[in-house]
Amino acid sequence: MTVLVANANGKIGSAVVDALVAAGVPVRAGVRRPDAYGGSERLKGVEAVTFDYGDPALMVHAVQGVEAVFSAAPYETLPTAEAGLAVAAAAAGVARIVKLSALGPDDQPPAVHAAAEMAVLNALPASVMLRPTFFMQNYATMHLAAIRDGGAFHEPAAQGRTAFVDARDIADMAVAGLTDPAHAGRIYSLTGPEALSRDEVAARIAVAAGRPVAY
């Protein structure tokens, strides 16, 4: 089988590509600039195609000849982008989409993930929904500059606790959903092994960094 990974340069999409390659599954990577994608040995054999959630024609082209699709559409494009992708995939004979959603999609006004989930499942009932909590990797990306330059990160979380999840674990679940029909139509809420406060997160980053880090 061949799997299309839409948004293959994304935080989760890139991890899904890695996991599929490791599993020996042929991958089509959907990216904005195929000529600039790859260049490393781990991507050898990955087919890169031009993909843009805002261009229906590109989506129609990208889904031709694939059996499954991983989708992680940017939040601001939902639900329209994934609704269009689902229609194109169904017309092309794709078996299912594994959609990266979010934990508690109905509790996040205006519930765009919930609307996107419904659109995908209406077009392809065998699709799989992954609803992860906050990614561990966010501290190495969106908070990296603040931690590096100011020794602190800022979030409106007060003393709330979160069971952070690793992007690589999400990718492993995505591969299972993409390659094993036993997961058809399932919805999975994904969390990490323990709920941490941000103060505890700061303390652990400080240990790893070898210098003080505050929340």
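Just so it is clear, the model here is predicted, and its values are computed rather than measured.

Trainee: Mind showing me how you'd approach the overall build of the chain here?
Mentor: A count of helices and strands for the chain gives 7 helices and 9 strands. For 215 residues, the compact-globule estimate of 2.2 N^0.38 gives 17 Å, and the chain sits close to it at 18 Å. Here the chain holds 215 residues, and the buried ones make up 47% of them. Within the chain, contacts between residues separated by at least 24 positions form 69% of all contacts whose residues are at least 6 apart in sequence. Counting every atom, the chain has about 10,100 Å² of accessible surface; 57% of that belongs to carbon and sulfur.

Trainee: Please clarify how the side chain of S197 should be interpreted in this entry.
Mentor: Within the fold, S197 resides in strand 9 (residues 196-197). Residue contacts for S197: discarding those within four places in its chain leaves G160 and R161.

Trainee: Quick question: what am I supposed to make of the pattern of salt bridges here?
Mentor: All told, the structure shown has 10 salt bridges when counted by the stated rule. Of the charged contacts in the structure, one is a salt bridge between R32 and D52, with a shortest N-O distance of 2.8 Å. Taken together, the positions of R32 in the loop between strand 2 (27-31) and strand 3 (47-50) and D52 in the loop between strand 3 and helix 2 (56-62) put the pair 20 residues apart, joining distant regions of the chain. One salt bridge in this structure joins K99 and E82, with 2.6 Å as the shortest N-O distance. Of this pair, K99 sits in strand 5 (residues 96-100) while E82 sits in helix 3 (residues 80-91), and the two are 17 residues apart along the sequence.

Trainee: Hey, could you run me through the nonpolar core in this one?
Mentor: Here is a general trend for soluble globular proteins: nonpolar side chains tend to be buried in one another's company. Ranked by internal contacts, the top residues of the largest apolar core, which has 32 residues, are V5, V16, L20 and F70. Sorting the residues of this core by element identifies strand 1 (3-5), helix 1 (11-22), strand 2, strand 4 (68-71), strand 5, strand 6 (128-132), helix 6 (167-179) and strand 8 (187-190) as the ones contributing at least two each. When sequence neighbours within four positions are dropped, the list of residues in contact with L20 reads V3, V5, V25, V27, V175, L178 and T179. In this structure, M59, V63, V66 and L85 belong to the second largest nonpolar core, which totals 24 residues.

Trainee: Looking at this structure, I do not really get the packing of helix 3 against helix 4 (residues 112-123). What am I missing?
Mentor: In helix packing, the relevant descriptors are the interaxial angle and the interaxial distance, both defined with respect to the helix axes. Packing of helix 3 against helix 4 brings their axes to within 8 Å, and their N-to-C directions diverge by 10 degrees. Relative to helix 4, helix 3 is oriented roughly parallel. Facing helix 3, whose interface residues are E82, A83, A86, V87 and A90, helix 4 presents A116, A119, V120 and A123. Per-class residue counts for the contact of helix 3 with helix 4 are 8 nonpolar, no polar and 1 charged.

Trainee: Which parts of the structure should I look at to understand the sheet that holds strand 5?
Mentor: Either a parallel or an antiparallel arrangement is found when strands of a sheet pair, and the pairing is made through backbone hydrogen bonds. Reading across from one edge, 3-2-1-4-5-6-8 is the order of the 7 strands in this open sheet, with parallel pairing throughout. The outermost strands of the open sheet, each flanked by one partner alone, are strand 3 and strand 8. If you compare each strand with its neighbour and ignore which way they point, the axes differ by 20 degrees on average. Relative to strand 8, strand 6 runs parallel, the two sharing 4 bridges.

Trainee: How should I be thinking about the side chain of R198 in this particular structure?
Mentor: Mapped onto the elements of the fold, R198 is located in helix 7 (residues 198-209). A distance of 2.7 Å separates a polar atom in the side chain of R198 from a polar atom in the side chain of T162. Leave out the neighbours within four places in its chain, and R198 touches Y139, F153, E155, A157, G160, R161, T162, F164 and Y215.

Trainee: Would you take a moment to explain the packing of aromatic side chains for this structure?
Mentor: Following the criterion strictly, the structure yields 6 aromatic pairs and no others. Members of the aromatic cluster, each reached through a chain of ring pairs, are F134, Y139, F153, F164 and Y215. Between the NZ or CZ atom of R198 and the centre of the ring of F134, over which it lies, the distance is 5.7 Å.

Thresholds, definitions, all that
- Residues numbered from 1 in each chain as written.
- Predicted model: local features only at pLDDT ≥ 70, side-chain atom pairs only at ≥ 80, totals over all residues.
- Heavy atoms only, no water.
- Helix = DSSP H or I, 4+ residues; strand = E, 2+ residues; numbered from the N terminus.
- Rg over C-alpha atoms; globule rule 2.2 N^0.38 Å.
- Buried < 20%, exposed > 50% of the residue type's maximum accessible area, 1.4 Å probe, protein only.
- Contact = heavy atoms within 4.5 Å.
- Areas by Shrake-Rupley, 256 points an atom, 1.4 Å probe, with all protein chains shown as cover.
- Salt bridge = Lys/Arg side-chain N within 4 Å of Asp/Glu carboxyl O.
- Core = buried A, V, L, I, M, F, W, Y, C linked by side-chain atoms within 4.5 Å.
- Axes fitted to C-alpha atoms, helices over the stretch in contact; angles between N-to-C directions.
- Parallel < 35°, antiparallel > 145°, perpendicular 65-115°, else oblique.
- Nonpolar A, V, L, I, M, F, W, Y, C, P; charged D, E, K, R; others polar.
- Pairing = 2+ DSSP bridges.
- Polar contact = N/O pair within 3.5 Å; in protein donor to acceptor, adjacent residues only side chain to side chain.
- Phe/Tyr/Trp six-rings, centres within 6.5 Å; stacked < 30°, edge-to-face > 60°.
- Lys NZ or Arg CZ within 6 Å of the ring centre and 35° of its normal.

Geometric values such as these leave the question of function open.
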